[in-house]
Each structure stands twice: as structure tokens, then as C-alpha cells.
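Structure assessment
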Amino acid sequence: MCIPEKIEKILLTEDQLKEKVTLLGDELTKEYSGKNPLFVCVLNGAVVFFSDLIRTVKCPLEIEFFRASSYIGTNSSGDVNADESDIPDIEGRDVVIVEDIIDTARTLSKVKEMFLRHGPRSLRIVCLLDKPSRREVENFTADNSCFEIEDLFVVGYGLDCDQQFRNLPYIGVYKA
């Protein structure tokens, strides 16, 4: 396996990712059986996780995409970029927002707020990685997270640094 020089170490392997994503998919299958939920991928970082996750959910579902971000390089800009007019018709729907990582929670708390204004029957947030030590939005948690990690800057499996490293099949710690 080729590990780029900017990767300090592999934090989560392909096998670890696959196992947790499959377990989450099984749980969501049970929760949404017979409900036709709408799964919404937060672009760009969650696309790999999202693609793997929806293939493990064994009940009918629909998908949509929503762009929201606050990062430039390895730092959060503090400003959340998201356009509420891009939210699909979710009134009365069971909605599952799929995110790659929650750290400060500023982006996802704003996204959640925006989606709730559109009247979903239920709203669930699932994330691949949770970094609670960086939380700036008090008491914000995902309904499901696959892994809790330390305050590390990570890339791979969809996560990036300046649009690089998204294609790595594992989660690696980035060397700044």
C-alpha cells in the first residue's frame, strides 16, 4: 500500500471502516424498514461514506445532496457556507443527514436548524467521525457516529486537505 509522505499514520483501516459502516447500515435498515427515508449527503467530504452506507441499508430509500462547508485547508473559517434554498422537499419525510466528521459542530448545527425549518417528520444525523474535544456548539451530538477520534486532522475516505487525499481508502493523520 502506498502511503503519501503527508500522512503521518493510518488511524482507521479499510476493514475497520467497512465493519462500522455495515453495522450502522444494519441499524438504519431496522429503524427505517417500511418508511422510505430520504438520505442526504453533505458534500463534499461525506460522499465516500455516504456511498458505502446507502449500499448497506436494505430497505427502500431516496437520496439527495446538500453542500455545506466551513473549512479552508486545515482550519475552520468560522463561516458556514450553505444555501437553504438547496434543501429538497422534506416536509413530512424521515430524513437522515449523512456527514463525514463533526468537530466544532458549527456547520452541522446550522444545517440541522435549516432542515428542521422545512418540516421533516423525523431528522437523524449520522456521521463517520466525531471529535467531541473540539465542540463549540454546546450539547451537539450526532444520533449515530461510527468512530470517536482525538483532536487530529485526518484525511482519506472522502475527507480532504485542500481537495487532496479524498481517494485514500483509509483514514490517515495528516502531517501539517
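Just above, that's the structure.
Overview of the structure. (Residues numbered from 1 in each chain as written. Predicted model: local features only at pLDDT ≥ 70, side-chain atom pairs only at ≥ 80, totals over all residues. Heavy atoms only, no water.)

Points about the nonpolar core
- Judged by nonpolar contacts, the single largest core of 29 residues is most densely connected at Phe49, Leu53, Leu128, Leu129 and Ile171.
- Residue assignment for this core shows that the elements contributing at least two residues are helix H1 (14-32), strand E2 (38-43), helix H2 (47-56), strand E5 (94-102), strand E6 (122-130), strand E7 (144-148) and strand E9 (171-174).
- Grouped together as the second largest cluster of nonpolar side chains are 20 residues, Val42, Phe66, Ile102 and Ile125 included. (Core = buried A, V, L, I, M, F, W, Y, C linked by side-chain atoms within 4.5 Å. Buried < 20%, exposed > 50% of the residue type's maximum accessible area, 1.4 Å probe, protein only. Helix = DSSP H or I, 4+ residues; strand = E, 2+ residues; numbered from the N terminus.)

Structural notes on H2
- Taken as a whole, H2 has its buried residues at Phe49, Phe50, Leu53 and Thr56. Buried residues of H2, seen end-on, are gathered within an arc of 130° and therefore sit on one face of the element. (Arc of directions from axis to C-beta.)

Some remarks on the pairing of E9
- Where strand E1 (residues 7-12) and E9 come together, 4 bridges link them in antiparallel fashion. Within E9, the position partnered with lysine 9 by the bridge is valine 173.
- Pairing analysis gives 2 bridges linking strand E8 (residues 154-155) to E9, with the strands arranged antiparallel. When the sheet's bridge partners are listed, valine 155 is paired in E9 with glycine 172. (Pairing = 2+ DSSP bridges.)

Details of the packing of H1 against H2
- Running from N to C, H1 and H2 point in directions that differ by 50°, and their axes come no closer than 8 Å. Taken together, H1 and H2 sit at an angle that is classed as oblique. Of the two possible hands of crossing, H1 and H2 adopt the one that is right-handed. Contact residues: Val21, Thr22, Leu24, Gly25, Asp26, Leu28 and Thr29 in H1; Phe49, Asp52, Leu53 and Thr56 in H2. (Axes fitted to C-alpha atoms, helices over the stretch in contact; angles between N-to-C directions. Parallel < 35°, antiparallel > 145°, perpendicular 65-115°, else oblique. Left-handed = near helix turned anticlockwise from the far one by under 90°. Contact = heavy atoms within 4.5 Å.)

Concerning the packing of aromatic side chains
- Counting across every chain of the model gives 5 aromatic pairs.
- With a centroid separation of 6.5 Å and an interplanar angle of 70°, the aromatic rings of tyrosine 32 and phenylalanine 39 are classed as edge-to-face.
- By relative accessible area, which is 0% here, phenylalanine 39 ends up buried.
- For the ring pair phenylalanine 153 and tyrosine 174, a centre distance of 5.9 Å and an interplane angle of 70° mean the geometry is edge-to-face. Taken together, the residues span a long stretch of sequence, with phenylalanine 153 in the loop between E7 and E8 and tyrosine 174 in strand E9 at a distance of 21 residues. (Phe/Tyr/Trp six-rings, centres within 6.5 Å; stacked < 30°, edge-to-face > 60°.)

A look at H1
- Taking 1.5 Å per residue as the helical rise, H1 with its 19 residues ought to reach 27 Å, and the 26 Å between its terminal C-alpha atoms agrees with that figure.
- If you check which residues of H1 are buried, you get Leu17, Val21, Leu24, Gly25, Leu28, Thr29 and Tyr32. Projected down its long axis, H1 shows its buried positions confined to an angular sector of 145°, all on one face. More than 90 degrees from the buried face of H1, the exposed residues found are Asp15, Glu19 and Lys30.
- Of the residues flanking the end of H1, it is glycine 34, one or two places downstream, whose phi is positive at about 80°. (Expected span 1.5 Å × (residues − 1).)

No statement about biological role is implied by the geometric values presented.
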